[in-house]
Amino acid sequence: MAKKYSSPIKTVVLGAGVMGSQIAGLLVDAGLQVTLLDLAAEGSDPNSGLQQAIARLKKLKPAPLMLPELADAIVIGNYEQDLEKLQDADFVIEAIAERMDLKEQLYKKIAPHINEHAVLVSNTSGLSINELAESLPAKLRERFCGVHFFNPPRYMKLVEIIPSKYTAPALLDSLESFLVMQLGKGAVRAKDEPNFIANRFGVMSMCHILRLAQDLNLGFDAIDAVTGVLIGHPKSATGRTIDVVGIDVLLHVIHTMHEGLKNDPWAALFDAPKWLKELVAQGALGQKTGAGIYRKQGKDILVFDVATNTYRKANPEVDSEVLEILKIKNPTEKMEKLRQCQKPQAVLLWNIFRELFHYCAYHATTVAETTRDIDLAMRWGFGWSEGPFESWQACSWKKVIGWIEEDIKNGKSFTRAPLPEWVKKIDHVYDEAGAYNFHTGKQQKPSSLPVYQRQLFPTQLVGQKNKFGETIMENEGLRLWHMNDGIAIATFKTKNNIITDAVISGLIDSVAIAEADFKGLVLWQGDTENFCYGADLKNFSLKFVGDPAGLRDLVAGFQDMVLKLRYSRVPVVAAIRGMVLGGGVEICLHAARVVAAAETYMGLVEAGVGILPAGGGSKEMALRAAQYAEGRDPFVKIKQFFEQLAMAKVTSSALEAKKFHYLRPTDVILMNSNEILYGAKACIEQMNAAGYLPPIPPRIPVVGRPGLATLQAVLENMRAGHFISDYDDEIATAIATILCGGNVNANTVVDETWLLNLELDHFVKLAQQEKTLQRIQHTLTTGKPLRN
């Protein structure tokens, strides 16, 4: 019988460097017990270096911790005094420097202290897992493999799992399940080849671009202008990505490829250019040193000029002809025109795609099992919108083969290595049957591990499409549908899932239908990354001038909608991830339960555009201040909520949303955003099993005039100190008035209608002001707030 591996609870990270400390942060974010060990420091305190690493965790940007105080939950120790901490660990992650000798020395030191059920993994980015396994005792080898996190580990979805020849298959299944569910990762299994999958292909493409920069005499500003969002890559494109990663780190990865791939037909690419090495020698390592391929000088952004070995002012322009080609919707036509165009940026792009397709096809069988493994690795590890095989298929598989072979024949390709035969035997790699398996020559379905049953609509690739159930009702703003399990699902259809008249009426209808025919209603936005950016400011603002009665009716309709969500006879659960702003937060505040992905960012941000939360948001925060006072002065919470609303603060995680009380203690946080629909449905089943009843309308004690006077005094001091404008003061005073319950005595008990009417009155008044209209127009035009 195969050995059963349980999910880790107690974890140990070895190495407190950049990656090790951030991996420890990820583990503590996930609620695991974490110990961080490193070399003993010289001097009186052997853990002084570790203490500095923990302090850095609290300050790093982007923040590796979902709450800064989580750093204090990480236990620290050193290899000289604290190896006994390994004895009760379930999961040990080695994340020290990328040197085989140092890793082997550490393994010999820790092996006697690792218990018989613990799993040991290395976070190496490219060293041989088989070679590392050989340095371990025989009994530990089956419980060892590579687990490669990408930097920064909190935000990068990809984790590569690399077994050695000794690794137990059951361990891989258990480990993948843990990484996917407990840590929220996208797991890809890779073979033990230099740099595995994502770095192998991504860095090869970067090396090729470094070569093309010289061959085509293109500056990195011109390269980055076309290798970012215009081709579905991150806006950091190539040069900025190298700066973020660190030029020294990139050189190390290139060196690993240079040493391990000497017989590779593309091996000449893995000799880093002299100018790149000279930047490192000068200490220009990228973002972490303030200079790399780019650096800032005053307000100017300078770019390193490869031809002159000096910096010059960046000018990231796209050739007009190339830009028109990149606007073409048809992928085949677009790629063909790039190939034909002789403008340098077009030549660059065709060379990048051709060589990437060729390289991936040539090496695919040695690094992975399926095209899906490679494409998801590139999506999740490098932030590409499509993986290389997806792009190839979208451009017509056979036609691309012809183009590549013609370029090989004419000496235009980097190498004369032929395309492999498997490529020529097929005309696609993706369809509804799955992804192409290089070793069987057949289509393979995604993993059947039970953990993936929690992802009701998993990531799909080109040629595949999720089928979103059977439609119950639909209008121009919303679709109500179901999956034959008695639970209705409402999904917005608007851009950025903004709230329009049609969404409001659609939600009201959805509640009525759910009450009549279903056991619950889930609000879920399909496979979009963000739950809701708030109300439709552009169209709503048309009512702001000259039609106060119409505006009042519109906002009252929104309030009526959220109350119908709150008092529905069946549970309403919001399943959220990504950005949840303004009216989107107000919807969540009125749901019976919220299931949030850990990476959820919530904010009642209306003050930034000169208005206030009037869809029940201000009312709800006054209510929650009373609920969470727990016998203490509710003004403490009122002051906190006032700052949140008046300063339009947005949380940095779902955990922080609980601190903001946008999420309640009963709301659920899941690490994997693909599981929130599953979690929402489970909540509905649980609530119904417990005999769900809608809440009783509350009576709300408010702090009244004394609390309002205190907040107004704070505002007066801020205005006198020029920290806020007069109009900021006016908006904030309106917010304070609602939160405090209006012009009433302290401890007056009011109902929801009282507070909702206060919201309406102050919202309509602000909406008629010219300065509010200026703020709205500025935000719609620039995407940034205006202080006026």
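Treat the numbers as computed from the prediction; the structure is a model and nothing was measured.

Q: How would you sum up the sheet that holds strand β7 (residues 158-163)? Please name residues and give values.
A: Strand order across the open sheet formed by eight strands is β3-β2-β1-β4-β5-β6-β7-β8, with mixed pairing between neighbours. Because the sheet does not close on itself, it has two edges, and the strands there are β3 (75-78) and β8 (186-189). Averaged over neighbouring strand pairs, the angle between their axes works out to 25 degrees when direction is ignored. Pairing of strand β2 (residues 33-38) with β3 involves four bridges; the strand directions are parallel.

Q: So what about the nonpolar core? Which residues, and what values?
A: Judged by nonpolar contacts, the single largest core of 119 residues is most densely connected at Phe220, Phe270, Phe389, Trp392 and Trp422. In terms of residues, this core owes the most to one element, helix α14 (residues 344-367), which gives 13 residues. With near-sequence residues (within four places) excluded, Phe220 lies in contact with Leu210, Ala213, Thr238, Gly239, Trp275, Ile293, Tyr294, Val303 and Val306. With 85 residues, the next largest nonpolar core counts Leu612, Leu715, Leu739 and Phe763 among its residues.

Q: Account for the packing of aromatic side chains, naming residues and giving values.
A: One pair of aromatic rings is described through two measures. These are the centre distance and the angle between the planes. Overall, the coordinates contain 30 aromatic pairs when judged by the stated rule. Ring centres of Trp266 and Tyr359 lie 5.0 Å apart, and the angle between their planes is 90 degrees; this geometry places the pair in the edge-to-face category. Taken together, the residues Trp266 in the loop between α10 (247-260) and α11 (274-281) and Tyr359 in helix α14 connect sequence positions 93 residues apart. We note that Trp266, like Tyr359, is buried. When the centroid spacing of 5.8 Å and the interplanar angle of 70 degrees are considered together, the rings of Phe457 and Trp481 count as edge-to-face. Remark: Trp481 occurs in strand β16 (residues 478-482) and Phe457 occurs in the loop between β14 (443-444) and β15 (470-474); sequence separation between them is 24 residues. In this structure an aromatic cluster arises from ring pairing among Phe353, Phe357, Phe389, Trp392, Trp397, Trp422, Tyr436 and Phe438. The side chain of Arg141 reaches across the aromatic face of Tyr166, ending 5.1 Å from its centre.

Q: With reference to specific residues and values, describe the layout of surface pockets.
A: The space that makes up the second largest pocket amounts to roughly 840 Å³. Residue assignment for the lining of the second largest pocket shows that the elements contributing at least two residues are α20 (537-540), α21 (548-566), α22 (583-589) and α30 (770-782). With three residues, α20 is the largest single contributor of residues to the lining of the second largest pocket. Split into classes, the residues belonging to the lining of the second largest pocket amount to 17 nonpolar, eight polar and six charged.

Q: Describe in detail empty space enclosed by the protein, supporting the description with residues and values.
A: The full count for this structure, using the stated rule, is two cavities of 30 Å³ or more. Taken as a whole, the largest cavity spans an internal volume of roughly 50 Å³. Around the largest cavity, the lining residues are Trp524, Gln525, Gly526, Thr528, Asn530, Phe531, Ala575, Ile576, Arg577 and Ile676. Per-element tally for the lining of the largest cavity: the top contributor is strand β19 (residues 572-581), with three residues. Residues belonging to the lining of the largest cavity are distributed by class as follows: five nonpolar, four polar and one charged. For the lining of the second largest cavity, the element with the most residues is helix α23 (residues 617-627), which contributes three residues. Tallied by class, the residues present in the lining of the second largest cavity amount to nine nonpolar, no polar and no charged.

Calculation rules
Position labels on residues start from 1 in each chain and follow its written sequence. Owing to the predicted nature of the model, reporting of local features is limited to residues with pLDDT of at least 70; listing and counting of side-chain atom pairs is limited to 80 or more, with chain, interface and lining totals taken over all residues. Think of the side-chain values as coming from all heavy atoms in the structure, minus any hydrogens and water. Two strands qualify as a pair provided DSSP detects at least 2 bridges between them. Helix numbers and strand numbers start at the N terminus; a helix is a DSSP run of H or I with at least 4 residues, a strand a run of E with at least 2. To obtain each axis, a line is fitted to C-alpha atoms, and for helices this fit is confined to the stretch in contact; angles are then taken between N-to-C directions over 0 to 180 degrees. Each nonpolar core is a collection of buried residues, namely Ala, Val, Leu, Ile, Met, Phe, Trp, Tyr and Cys, held together in the definition by side-chain atoms within 4.5 Å. Accessible area is worked out with a 1.4 Å probe on protein chains only. A residue is then buried under 20% of its type maximum, exposed over 50%, and partly exposed in between. Any two residues whose heavy atoms approach within 4.5 Å are treated as being in contact. The criterion for an aromatic pair is that two Phe, Tyr or Trp rings (for Trp, the six-membered ring) have centres within 6.5 Å, with stacked assigned to planes under 30 degrees apart, edge-to-face to planes over 60 apart and tilted to the rest. We count a charge as sitting over a ring when the NZ of a lysine or the CZ of an arginine lies within 6 Å of the ring centre and within 35 degrees of the ring normal. Using a 1 Å grid laid over the protein atoms alone, points where a 1.4 Å probe fits but cannot get out form a cavity; open sets with protein on both sides within 12 Å along at least 5 of 7 lines form a pocket; any residue with an atom within 4 Å of a point counts as lining. Grid points are joined across faces, edges and corners, and a volume is the space filled by probe spheres set on the points. Residue type decides the class: Asp, Glu, Lys and Arg count as charged, Ala, Val, Leu, Ile, Met, Phe, Trp, Tyr, Cys and Pro as nonpolar, and the leftover types, Gly among them, as polar.

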